[in-house]
Number of protein chains: 2
Amino acid sequence: MVQKKISQAVIRRLPRYYRYLRDLLDEGTERISSNELSARMKVTASQIRQDLNNFGGFGQQGYGYNVQYLYDEIGKILGLDCHHNIIVVGAGNMGQALANYVNFEKRGFIMTGLFDVNPDLIGKTIRGIPILHVDDLDTFLKEHDVDIAVLTLPKGEAESAAEKLVSLGIHAIWNFAHLDLNLPKDVVVENVHLSDSLMQLSYNIVKNKTNE
Amino acid sequence: MVQKKISQAVIRRLPRYYRYLRDLLDEGTERISSNELSARMKVTASQIRQDLNNFGGFGQQGYGYNVQYLYDEIGKILGLDCHHNIIVVGAGNMGQALANYVNFEKRGFIMTGLFDVNPDLIGKTIRGIPILHVDDLDTFLKEHDVDIAVLTLPKGEAESAAEKLVSLGIHAIWNFAHLDLNLPKDVVVENVHLSDSLMQLSYNIVKNKTNE
């Protein structure tokens, strides 16, 4: 495990490096120079060198980066060298779509259960993953190790559900509800605010038209 | 329309302001001070004053902001004062989930068609929105004004689909595929990289455990 402190700005860029390195591995590329990576990622070679210097151990200048080594090291930093068990709270369209993403599993994120209150959904399964009643959350979390709860509930129900999850021992929430959660500081929250993203797109469309 | 140039950093924060102002309107709040907004949004009052100064017209100090006026002005900046017609290319789980979000429609984003190659899906509808064959894209785009294409295709199919959409006149893409698109500069792309977001969460879980 790399011990050196890495800045938040670098950390935010790591998933993107990880994604490009995976593509290189899939193509059978063993080494890549910062210039070649720069051309692919459309980031300056200088930034790539600065970012990747944080991970060290890449041999001499002129030989480029060892793709597999870099991929593994970044994976460790991102916590992808161990499994994370996930539950989805809110088994509506978005919850089901996320449960259907097999790619998350390839990265070590294992979906173990979905929860809802809708009687039409309870008892069904998604890729073999059961949809249970939210009243069973308590028992389920006592019997299963769960690292991450995905919150795919309407805005009005999300805050109380998040508080309940935290009271049952959940420390990490992937929040798709359209609000900011107020939770204790030791709970990690990552937001996916789709409406915010769509508004950003809309802004850029207007700006683009104005510049024409 | 506000003419003053607004920095990208402020622009990125606007959807969040817009969301909080909508909540205030729904609660019947007509005016709010930067201090009250600061407490709700967990941003310093000084940053709020700086950000919102870009929009002017809020009366005297001590009276707070006119919520409706601010909401409307930010809406205009974000291009939410006009409708945007949307199509979804890739009518799998994620595409269907997005087509089911009625909240997008409330913000003026109107879903007009979904496209896929899967014969089991073609001919069906989602909330009355038809799922058509991708071969019909050409005709559909000739007959309908479409502002935004949502790309919810597997990685391997996304790049060529995006190029096709652009060749058919699409200038804005909301990209859910797990890759960065290489498109002409006049095409606006907003990415939702869910795996990147999940990796960020995973990183913060590991960091949180290390700090305990």
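### A few points about the pairing of strand 7 (residues 148-151) of chain B
Residues and elements named next belong to chain B.
And then number 1: In strand 7, alternate side chains face the same way, and those of Ile148 and Val150 on one face and Ala149 and Leu151 on the other are all buried.
And then number 2: Taken together, the four bridges between strand 3 (residues 84-89) and strand 7 define a ladder with parallel strand orientation. Note on strand 7: the bridge partner recorded for Ile86 is Ile148.
And then number 3: Two strands pair when backbone bridges link them, and strand 7 and strand 8 (residues 172-175) are joined in this way by three bridges, in the parallel orientation. Looking across to strand 8, one finds that Val150 is bridged to Trp174.
And then number 4: The parallel pair strand 7 and strand 8, bridged by helix 8 (residues 155-167), forms a crossover whose chirality is right-handed.

### Re the interface of chain A and chain B
Where interface size is quoted, it is often the accessible area lost as the parts come together.
And then number 1: In this complex, chain A contributes 60 residues to the contact, which on the side of chain B involves 60 residues.
And then number 2: Interface area for chain A against chain B, summed over the two sides, is near 5300 Å², with a carbon-plus-sulfur share of 62%.
And then number 3: Area buried by chain A at its contact with chain B is led by A:Arg19, A:Leu198 and A:Met199, which between them contribute 13% of it.
And then number 4: Viewed at the interface, chain B and chain A are joined by eight salt bridges.
And then number 5: Per-element tally for the side of chain A that touches chain B: the top contributor is helix 9 (residues 194-211) of chain A, with 16 residues.

### Points about unusual backbone geometry
And then number 1: Although it is not a glycine, A:Lys42 adopts a positive phi angle of roughly 55°.
And then number 2: A:Lys42 sits in the exposed class, given a relative accessible area of 62%.

### Things to note about the relation of the copies chain A and chain B
And then number 1: Between the two copies, chain A and chain B, the superposition gives an RMSD of 0.0 Å; the rotation angle is 180° and the shift along the axis is 0.0 Å. Those values place the two copies in the arrangement expected of a two-fold rotation axis.
And then number 2: An overlap of 100% is found between the interface residues of chain A and their copies at the interface of chain B, pointing to a shared contact surface.

### Points about the layout of surface pockets
And then number 1: Within this model, the largest pocket holds a volume of roughly 1800 Å³.
And then number 2: In terms of lining residues, the largest pocket is bounded by 39 residues, among which A:Arg12, A:Glu190, A:Asn191, B:Ser197 and B:Gln200 are the most central.
And then number 3: Of all the secondary structure elements, the ones that give two or more residues to the lining of the largest pocket are helix 1 (8-26), strand 9 (188-191) and helix 9 of chain A together with helix 1 (8-26), strand 9 (188-191) and helix 9 (194-211) of chain B.
And then number 4: Among the elements that make up the lining of the largest pocket, the one with the highest residue count is helix 1 of chain B (six residues).
And then number 5: Among the residues forming the lining of the largest pocket, the class breakdown is 13 nonpolar, 11 polar and 15 charged.
And then number 6: A volume near 950 Å³ is recorded for the second largest pocket.
And then number 7: Around the second largest pocket sit 38 residues that line it, and A:Tyr101, B:Thr152, B:Leu153, B:Pro154 and B:Lys155 are the ones nearest its centre.
And then number 8: Those elements that provide at least two residues to the lining of the second largest pocket are helix 1 and helix 6 (102-106) of chain A together with helix 5 (93-99), helix 8 and helix 9 of chain B.
And then number 9: Of the residues forming the lining of the second largest pocket, the biggest block, five residues, is contributed by helix 8 of chain B.
And then number 10: Considering only residue class, the lining of the second largest pocket consists of 18 nonpolar, 10 polar and 10 charged.

Reading guide: rules and limits
- Residues numbered from 1 in each chain as written.
- Chains lettered and ligands numbered in written order.
- Predicted model: local features only at pLDDT ≥ 70, side-chain atom pairs only at ≥ 80, totals over all residues.
- Heavy atoms only, no water.
- Buried < 20%, exposed > 50% of the residue type's maximum accessible area, 1.4 Å probe, protein only.
- Helix = DSSP H or I, 4+ residues; strand = E, 2+ residues; numbered from the N terminus.
- Pairing = 2+ DSSP bridges.
- Right-handed = clockwise from strand over helix to strand, strands pointing away.
- Contact = heavy atoms within 4.5 Å.
- Buried area = accessible area lost by both parts, 1.4 Å probe.
- Salt bridge = Lys/Arg side-chain N within 4 Å of Asp/Glu carboxyl O.
- Least-squares fit on C-alpha atoms with pLDDT ≥ 70 in both.
- 1 Å grid on protein atoms, 1.4 Å probe; cavity = no way out; pocket = protein on both sides within 12 Å on 5 of 7 lines; lining within 4 Å.
- Points joined across faces, edges and corners; volume = space filled by probe spheres on them.
- Nonpolar A, V, L, I, M, F, W, Y, C, P; charged D, E, K, R; others polar.

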